[in-house]
Amino acid sequence: MAATVEIDDDNENNKGSMWVLDQKLDQPMDEEAGRLRNMYREKKFSSLLLLRLAFQSLGVVYGDLGTSPLYVFYNTFPHGIGDPEEVIGALSLIIYSLTLIPLLKYIFIVCRANDNGQGGTFALYSLLCRHAKIKTIPNQHRTDEELTTYSRSTFHEQSFAAKTKRWLESRASRKNALLILVLVGTCNVIGDGILTPAISVLSATGGIKVDHPNMSNSVVVIVAVMILVGLFSMQHYGTDKVGWLFAPIVLLWFLMIGGVGLFNIWKHDKRVLKAFSPVYIYRYFQRGGKDGWTSLGGIMLSITGTEALFADLAHFPLSAVQLAFTVIVFPCLLLAYCGQAAYLVNNKEHVIDAFYRSIPDGIYWPMFIVATAAAIVASQATITATFSIIKQALAHGCFPRVKVVHTSKKFLGQVYIPDINWILMVLCIAVTAGFKNQSQIGNAYGTAVVIVMLNTTLIMTLIMLLVWRCHWFLVLLFTGLSLIVECTYFSAVLFKVNQGGWVPLVIAAAFLLIMYVWHYGTVKRYEFEMHSKVSMAWILGLGPSLGLVRVPGVGLVYTELASGVPHIFSHFITNLPAIHSVVVFVCVKYLPVYTVPEEERFLVKRIGPKNFHMFRCVARYGYKDLHKKDDDFEKKLFDNLFLFLRLEHMMEGCSDSDDCSLYGQQTEQSRDCLLSYNNGNTTSSGIDLTISTVDSIVPIKSPTNVDLTVRSSGHASSQTEVDETEFLIHCRDAGVVHILGNTVIRARRDSRFYKKIAVDYIYAFLRKICRENSVIFNVPHESLLNVGQIFYV
């Protein structure tokens with residue numbers, strides 16, 4: 001069955017004359033009070049544990065940044081070195097780039113802007129969404145703000161932060177501009193996931209030619225492609241399975257490059273240490289002119305991996321990441337670059353393979369093996385970060401539905417996305433085989449990295465204003481210094497767009513088109529649901545039986561609305577005048593938080609009079625939570641529904657003299673109003689919640705297997721409650737049917753051509769190839785009922 005509905009994009013969701021009645025019959029759900037908010041804050045660690053976590057963070061966080069010495073000097077001087085002083089100037093630029101960007105900006109400022117330990121572009125966006133109403137899908141409710149993990153700060157109405165907040169919220173165009181900024185950063189991080197394995201593995205395997213100079217470059221490319229195929233083929237095992245190897249490999253890598261660098265400084269030329277003076281940066285540009293300026297694209301590669309560092313922050317406390325960088329990573333990288341510079345001062349002709357040429361003969365092959373292993377680790381970290389950020393985009397409605405596999409029960413952030421994995425592999429192999437040399441891949445890599453850094457700087461400006469409430473002068477200082485450095489690099493990489501820099505731009509543009517069109521379609525579908533939802537007055541007018549034949553069973557009607565009756569329901573009963581004895585409207589939504597604790601996940605309430613047997617269940621997830629396809633999702637839903645009935649009847653039994661509070665003020669005796677429901681198929685739950693009205697009850701904290709009896713003022717469960725509970729059990733046993741809406745959007749005939757292309761072709765194609773809702777909700781085919789709807793935008 002299908003319905004055709006046409007709505008206007010510019011129409012607002014008018015509440016209508018029956019809005020007040022609807023609110024009384026379908027009231028919002030109040031969250032329980034008295035939440036302990038410090039349970040998700042960073043914990044204090046002992047010194048020994050902090051050292052161990054810092055050691056483990058090396059393998060996950062710093063692999064990409066640590067492999068940069070393989071290719072920086074070659075990409076800085078692709079046409080050779082004219083004057084040894086150029087090497088010292090380039091070294092000075094590398095030193096101050098590492099100091100200003102990874103050390104000062106990211107490690108000590110940007111990483112502090114994590115969302116309960118989560119990093120990345122969408123984590124910053126989630127922080128902003130909690131502090132300002134900038135979400136383009138307005139599906140949040142005031143009860144969501146009471147979650148344990150929904151931390152936010154308040155500010156004075158006349159403060160600069162409040163003015164900035166009002167400025168952002170005042171126009172939809174500003175919200176869309178911010179979303180596009182986030183999507184551009186995300187798409188370039190995906191580009192990093194393609195380019196990092198290509199340049200890291202190709203640079204590492206290129207060391208074979210140092211010992212075998214007559215070997216063809218095609219052989220090196222074939223070896224690199226074989227390693228890449230093996231790397232992507234192992235992704236389904238997950239980082240957690242082989243992660244114990246990463247930290248020792250990367251630690252050994254840093255110690256070896258640091259030791260070799262120290263040896264080369266002592267052996268070749270100690271004068272390179274004068275590069276710590278910024279005077280040599282001025283001399284470098286004065287001597288090099290335009291060539292010196294464009295060489296910044298190669299120097300930019302010394303700080304690649306910094307964005308991956310931020311995206312991979314989730315698994316370790318910030319203090320451990322900071323300790324690892326300041327004690328191991330930063331000093332070893334400085335020694336490695338200084339050592340290579342000292343070698344190149346006396347061996348200008350070896351700039352093409354400076355890293356391997358500078359290695360003492362006795363440790364050449366061990367260094368080659370460790371370098372290859374470190375390149376694989378660096379690639380693994382970037383690929384994992386790509387999976388993670390796409391998972392975040394999925395939760396924000398900005399990416400087509402794809403299969404997400406959680407590879408670790410210990411770390412929610414470790415996910416594997418099969419479809420994306422094979423797309424990344426194909427593109428990565430195409431880049432490696434197509435360019436065949438480090439220089440052009442390096443140009444492409446630098447372009448992607450600097451765009452992500454610019455996006456992060458702009459978003460951090462809003463974070464400092466709205467979240468941290470910093471003084472405007474500090475915000476201006478941070479933004480100004482960051483933009484000066486990054487815009488300088490950006491101007492340099494623009495000169496190399498035609499030398500390979502176009503690759504990440506094309507990749508980012510393709511992913512941006514996909515993500516924005518999908519998000520546009522998602523927003524329009526939500527607006528359609530909001531515009532066409534059914535009035536409760538219309539439901540009441542149908543009578544106790546809803547004017548239909550009530551057949552045995554439970555109907556789970558899936559909707560994106562957290563309040564109101566969806567249009568799919570009226571469309572269904574209009575075309576088929578029969579409905580199940582019990583109807584539950586199920587809304588699964590993601591919130592801009594890292595995670596929703598299991599005990600706060602479900603909101604349950606009743607819709608309309610009791611004899612309607614209609615309920616609503618809202619399941620809330622964070623962007624790092626397990627996917628909505630929980631194997632026991634249906635069981636959890638019924639557990640919470642049964643507990644709702646017990647609590648509802650308990651509160652009806654409490655008199656005015658009882659201590660059971662109705663409006664969020666829990667007392668000691670209200671905690672004793674515990675109930676028991678023992679059913680073979682039902683797991684009762686412990687309770688820590690409040691009830692706002694008889695028609696509205698709130699989420700349920702659920703320890704399992706608790707047998708409870710009514711102890712409030714001697715009230716016992718009424719016969720009505722027992723009858724309704726048994727009725728629900730009988731209906732569930734009769735069968736559960738999942739009713740899903742299959743909403744199709746199309747462009748109106750008078751729409752502009754680009755809108756028709758976006759909606760009728762691109763979005764329609766994405767809907768066709770993405771996963772079906774029935775698969776995501778884990779619905780058995782024999783219990784599935786699709787209701788089709790078409791609307792025009």
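Treat the numbers as computed from the prediction; the structure is a model and nothing was measured.

Participant: Even after reading the chapter, I still don't get the overall build of the protein chain, so can you show me in this structure?
Facilitator: Assigned secondary structure in the protein chain consists of 27 helices and eleven strands. Looking at the 793 residues of the protein chain, the share that counts as buried comes to 59%. Sequence separation of at least 24 residues holds for 84% of the intrachain contacts in the protein chain that already meet a minimum separation of 6. Looking at the protein chain as shown, the accessible area adds up to about 32000 Å², and 60% of this sits on carbon and sulfur atoms.

Participant: Looking at this structure, I do not really get the pattern of salt bridges. What am I missing?
Facilitator: Oppositely charged side chains may form a pair once their charged atoms are brought near each other. The final tally for this structure, using the stated rule, is 15 salt bridges. Across the salt bridge formed by D269 and R271, the nearest N and O atoms sit 3.0 Å from each other. Given the relative accessible area of 55%, R271 is considered exposed. Connected through salt bridges with shared partners, the residues E598, R601 and K636 form a single ionic network.

Participant: How should helix α17 (residues 364-395) be read in this particular structure?
Facilitator: In an α-helix, one turn spans 3.6 residues; hence positions three or four apart end up facing the same way. Counted at 1.5 Å a residue, the expected span for α17 with its 32 residues is 46 Å, and the 47 Å between its end C-alpha atoms agrees. Here α17 lies mainly inside the structure; 27 of its 32 residues are buried. In the segment just after α17, G397 is the residue with positive phi, at about 70°.

Participant: Any chance you could explain the packing of aromatic side chains here in plain terms?
Facilitator: Evaluated as defined, the whole model comprises 20 aromatic pairs. Their ring planes at 85° and their centres at 6.1 Å tell us that F615 and F644 sit as a pair that is edge-to-face. One end of the pair, F615, is in strand β7 (residues 614-621); the other, F644, is in helix α24 (residues 633-653), with 29 residues separating them in the sequence. A relative accessible area of 2% places F615 in the buried class.

Participant: What exactly am I supposed to notice about unusual backbone geometry here?
Facilitator: What is expected of a backbone is that most residues other than glycine have negative phi and most peptide bonds are trans. At R469, a residue that is not glycine, the phi angle is positive and equals roughly 55°. Residue classification places R469 among the partly exposed positions, given a relative accessible area of 46%. A positive phi angle is found at H613, which is not glycine, with a value near 55°. Secondary-structure assignment places H613 in the loop between β6 (602-606) and β7.

Participant: Looking at this structure, how should I read a nonpolar patch on the surface?
Facilitator: On the surface, F160, W472, F473, L474, L476, L477, L481 and I484 cluster together to form a nonpolar patch covering roughly 870 Å² of accessible area. With seven residues, helix α20 (residues 472-494) is the largest single contributor of residues to the nonpolar patch. Mapped onto the secondary structure, I484 falls in helix α20.

Participant: Can you walk me through the environment of F495 in this structure?
Facilitator: Along the polypeptide, F495 turns up in the loop between α20 and α21 (502-531). C-alpha of F495 to C-alpha of G297: the two residues are 198 residues apart in sequence and 8.7 Å apart in space.

Participant: Got a minute to help me understand the packing of helix α5 (residues 84-107) against helix α12 (residues 279-294) in this structure?
Facilitator: Axes are the key here: two packed helices are described by the angle between their axes and the distance separating the axes. Running from amino to carboxyl end, α5 crosses α12 at an angle of 125°, the nearest separation of the two axes being 8 Å. The orientation of α5 with respect to α12, classified from their angle, is oblique. In this structure, the crossing between α5 and α12 has a hand that is left-handed. On the side of α5, the interface is formed by E85, E86, I88, G89, A90, S92, L93 and Y96, while α12 contributes Y280, I281, Y284, F285 and R287. Partitioned by chemical class, the residues of the contact of α5 with α12 number eight nonpolar, two polar and three charged.

Participant: So what exactly am I meant to see when it comes to the environment of S57 here?
Facilitator: By the secondary structure assignment, S57 is in helix α2 (residues 47-61). Between the alpha carbons of S57 and V321 there is a distance of 6.3 Å; along the sequence they are 264 residues apart. Discounting residues that sit within four places of it in the chain, S57 has contacts with Y62, F316, A320, V321 and A324. Within the structure, S57 has its side chain in polar contact with the backbone oxygen of A54 (distance 2.7 Å).

Participant: Explanation requested: α12 in the structure shown.
Facilitator: Over its 16 residues, α12 runs only 19 Å from end to end, short of the ideal 22 Å by more than 12%, given 1.5 Å per residue. When the local axis directions of α12 are compared, the greatest deviation, roughly 120°, occurs at G288. Where α12 is concerned, the buried positions are Y280, I281, Y284, G292 and T294. Lining the buried residues of α12 we find α4 (72-76), α5, α13 (296-299) and α20.

Participant: So what exactly am I meant to see when it comes to the packing of helix α10 (residues 217-233) against helix α18 (residues 418-435) here?
Facilitator: Two numbers describe how α10 lies on α18: the axes approach to 10 Å, and their chain directions differ by 170°. In terms of orientation, α10 lies roughly antiparallel with respect to α18. The residues of α18 that touch α10, namely those facing V221, A224, V225, L228, V229, F232 and S233, are N421, W422, L424, M425, C428, I429, T432 and A433. Taken together, the residues that form the contact of α10 with α18 break down as twelve nonpolar, three polar and no charged.

Participant: Please explain the nonpolar core as it appears in this structure.
Facilitator: Soluble globular proteins tend to pack their nonpolar side chains together in the buried interior. Counting 162 residues, the largest nonpolar core has Y62, W253, F254, Y356, F399 and I463 as its most contacted members. The element best represented in this core is helix α15 (residues 318-346), accounting for 18 residues. Once you skip the residues sitting within four places of it in the chain, F399 turns out to touch I390, A393, L394, I420, F511, M515 and W518. Listed in part, the 31 residues of the second largest apolar core include Y623, F633, L728 and C731.

Participant: What exactly am I supposed to notice about the pairing of β6 here?
Facilitator: Consecutive residues of a regular strand have side chains that alternate between opposite faces of the sheet. The element β6 is extensively covered by neighbouring structure, given that five of its five residues are classed as buried. Both faces of β6 are covered, namely the face carrying F602, V604 and R606 and the face carrying L603 and K605. In this structure, β6 lies alongside β7, joined through five bridges in antiparallel fashion. Across the sheet, the residue bridging to V604 is C617, located in β7.

Participant: Hey, could you run me through the side chain of D64 in this one?
Facilitator: By the element assignment, D64 lies in helix α3 (residues 63-66). For the buried D64, no salt bridge is present, and the opposite-charge side chain at shortest range is K105, 15 Å distant. With residues up to four places along the chain from it excluded, the contact list for D64 reads T196, T304, G305, A308, A378, T382 and Y445.

Participant: Teacher, can you tell me more about the confidence of the model for the protein chain here?
Facilitator: If pLDDT is low for a region, its predicted coordinates should not be looked at in detail. When pLDDT is averaged along the protein chain, the result is 78, and 79% of the positions lie at 70 or above. Below a pLDDT of 50 lies the segment residues 655-718, which in the model reaches 155 contacts outside its immediate sequence neighbourhood of four places, other chains included.

Participant: What is the right way to read the pairing of strand β10 (residues 736-746) from this model?
Facilitator: Relative to β10, strand β4 (residues 549-559) is paired through four bridges, and the arrangement is parallel. Residue pairing across strands places V557 opposite I739, the latter belonging to β10.

Scoring rules and cut-offs
- Residues numbered from 1 in each chain as written.
- Predicted model: local features only at pLDDT ≥ 70, side-chain atom pairs only at ≥ 80, totals over all residues.
- Heavy atoms only, no water.
- Helix = DSSP H or I, 4+ residues; strand = E, 2+ residues; numbered from the N terminus.
- Buried < 20%, exposed > 50% of the residue type's maximum accessible area, 1.4 Å probe, protein only.
- Contact = heavy atoms within 4.5 Å.
- Areas by Shrake-Rupley, 256 points an atom, 1.4 Å probe, with all protein chains shown as cover.
- Salt bridge = Lys/Arg side-chain N within 4 Å of Asp/Glu carboxyl O.
- Expected span 1.5 Å × (residues − 1).
- Phe/Tyr/Trp six-rings, centres within 6.5 Å; stacked < 30°, edge-to-face > 60°.
- Patch = residues over 30% accessible without salt bridge, like charges linked within 9 Å, V, L, I, M, F, W, Y side chains within 5 Å.
- Axes fitted to C-alpha atoms, helices over the stretch in contact; angles between N-to-C directions.
- Parallel < 35°, antiparallel > 145°, perpendicular 65-115°, else oblique.
- Left-handed = near helix turned anticlockwise from the far one by under 90°.
- Nonpolar A, V, L, I, M, F, W, Y, C, P; charged D, E, K, R; others polar.
- Polar contact = N/O pair within 3.5 Å; in protein donor to acceptor, adjacent residues only side chain to side chain.
- Bend = angle between axes of the 7 residues up to and from the residue.
- Core = buried A, V, L, I, M, F, W, Y, C linked by side-chain atoms within 4.5 Å.
- Pairing = 2+ DSSP bridges.
- Lys, Arg positive; Asp, Glu negative; His and termini not counted.
- pLDDT = per-residue confidence, 0-100.

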